[in-house]
Amino acid sequence: MSDFARQHVTIHGHDVVYRRGGSGEAVVLIHGLAGSSRTWKDVMPGLARTHDVIAPDLLGHGNSAKPMGDYSLGAHASGLRDLLVTLGIESATLVGHSFGGGVAMQVAYQHPEVCDRLVLVDSGGLGRDVSWLLRLGTLPFAEYAMPLVFSRWVADRGTDVSRFLNRRGLRSPRLGELWRTYSSLAGAEDRKAFVRTIRTVIDTGGQTVSALDRLYMAAHVPTLIVWGEDDRIIPVAHAHTAHEAIAGSRLEILRRVGHFPHTEAPDRFVDVLLSFIADTPASASSGPPLQEILRSGS
């Protein structure tokens, strides 16, 4: 990631961290819950050969500020819009993974003028089902039990073991990404932000926020849905549901891939994404009027 070193910008008084590289049409990569811009490290170089690639740490995640306040999808969508404006980016292809897919859809809904294309990667917000591990994080008093489960000592020792195995060529991208997620919750402020965020979209019964009733509004936006066939966190059935709901969308199911296509199969992911961008026109400035879209779905 040496070519994509962390950069900082202050927005509304809060430090926002992002990585950026390349030139051309803008592509914004939005990570999931307890993730960071680092999750995109294996795909950023390939994308940056032909595009201006921006990967932020959402507020409450990674190295960005973790203030008290609103961590809803709507707040994150507005924050992402403000980041693009601050960086001088008029519009971009939005690529959202998991929770980041929900953020991407919210941006397309709230701020369609900045969304050239929409790419949903094992996205949240498309059905009720979600892993029981995530549901546990919404239990009452979960934040008080988390310091015992996500201890700094365990996280540091696990990271040492992971580095030892990597040096010997023993690497599992899927397990590595899950471990980075675990390690990110070893800090008290990270845990607080995580709990505030997860409770905006999940409860003990599953996902509480759904975009299904508004997906018809994405029909005028070129939309790509990428999913790992072996996803055990958000089932692949959600990909088929979204594909059926968004007219003209493109669906790519990656075999032998789980919840993290961009880390488990980065070359395939880059090929699929670049092909989609090359085959579709940017829509941010050419979509139909909002009134027309809303009436068509009535």
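Rules used in this analysis
Residues numbered from 1 in each chain as written. Predicted model: local features only at pLDDT ≥ 70, side-chain atom pairs only at ≥ 80, totals over all residues. Heavy atoms only, no water. Pairing = 2+ DSSP bridges. Helix = DSSP H or I, 4+ residues; strand = E, 2+ residues; numbered from the N terminus. Axes fitted to C-alpha atoms, helices over the stretch in contact; angles between N-to-C directions. Contact = heavy atoms within 4.5 Å. Phe/Tyr/Trp six-rings, centres within 6.5 Å; stacked < 30°, edge-to-face > 60°. Buried < 20%, exposed > 50% of the residue type's maximum accessible area, 1.4 Å probe, protein only. Expected span 1.5 Å × (residues − 1). Arc of directions from axis to C-beta. Parallel < 35°, antiparallel > 145°, perpendicular 65-115°, else oblique. Left-handed = near helix turned anticlockwise from the far one by under 90°. Right-handed = clockwise from strand over helix to strand, strands pointing away.

What follows covers the sheet that holds strand S5 (residues 92-97). Taking strand neighbours across the sheet as the criterion, the eight strands line up as S1-S2-S4-S3-S5-S6-S9-S10 in an open arrangement whose pairing is mixed. A strand with exactly one partner marks an edge of an open sheet, and here the two such strands are strand S1 (7-11) and strand S10 (250-254). Ignoring strand direction, the axes of neighbouring strands in this sheet form an average angle of 25°. Sheet topology note: the strand S3 (residues 26-30)/strand S4 (residues 52-56) ladder contains three bridges and is parallel. Across the sheet, residue Ala26 finds its bridge partner in S4, namely Asp52. The sheet strands contacting helix H9 (residues 237-245) are strand S9 (223-228) and S10, and the helix crosses S10 at an angle near 170°.

All told, the structure shown has one aromatic pair when counted by the stated rule. Where Trp40 meets Phe269, the ring centres are 6.3 Å apart and the plane angle is 40°; that geometry is what we call tilted. With a gap of 229 residues between them, Trp40 in the loop between S3 and helix H1 (44-48) and Phe269 in helix H11 (residues 266-279) connect regions that are remote in the sequence. Judged by its relative accessible area of 0%, Trp40 falls in the buried class.

Another point: H11. Helix length check: H11 (14 residues) gives 20 Å between terminal C-alpha atoms against 20 Å at 1.5 Å per residue, within 8%. The set of residues buried in H11 consists of Pro266, Phe269, Val270, Val272, Leu273, Phe276 and Ile277. Burial along H11 is one-sided: seen end-on, the buried residues are contained in an arc of 165°. When the buried face of H11 is taken as reference, the exposed residues oriented beyond 90 degrees from it are Asp267, Asp271, Ala278 and Asp279.

Before going further, it helps to examine the packing of helix H2 (residues 73-86) against helix H3 (residues 99-110). At their nearest, the axes of H2 and H3 sit 8 Å apart, and the two run at 70° to each other. As summarised for this structure, H2 and H3 are arranged roughly perpendicular, according to the angle between their axes. The handedness of the crossing between H2 and H3 comes out as right-handed. The segment H2 lies against H3, with Leu73, Gly74, His76, Ala77, Ser78 and Leu80 engaging Phe99, Gly102, Val103, Gln106, Val107 and Gln110.

The periodicity of an α-helix, 3.6 residues per turn, causes residues three or four places apart in sequence to face the same way. Here H3 is 12 residues long and its end C-alpha atoms lie 17 Å apart, about the 16 Å a rise of 1.5 Å per residue gives. Along H3, nine of the 12 residues are buried, which leaves the element largely enclosed by surrounding structure. Close packing links the buried residues of H3 with S3, H2, S5, strand S6 (115-121) and helix H8 (188-198).

Within S5, six of the six residues are buried, which leaves it mostly tucked inside the rest of the structure. Sheet topology note: the S3/S5 ladder contains four bridges and is parallel. The partner of Leu29 across the bridge, within S5, is Val95. Where S5 and S6 come together, six bridges link them in parallel fashion. Each bridged residue has a counterpart across the sheet, and for Thr93 the counterpart in S6 is Arg117. Read from S5 through H3 to S6, the crossover connection turns out right-handed.

Both S1 and strand S2 (residues 14-21) contribute to a ladder of five bridges, which runs antiparallel. Looking at S2, one finds that His8 is bridged to Val17. Following S1, the chain reverses through two residues before pairing antiparallel with S2; His12 in that reversal takes a positive phi of roughly 55°. The pairing of S2 with S4 spans four bridges and is classified as antiparallel.

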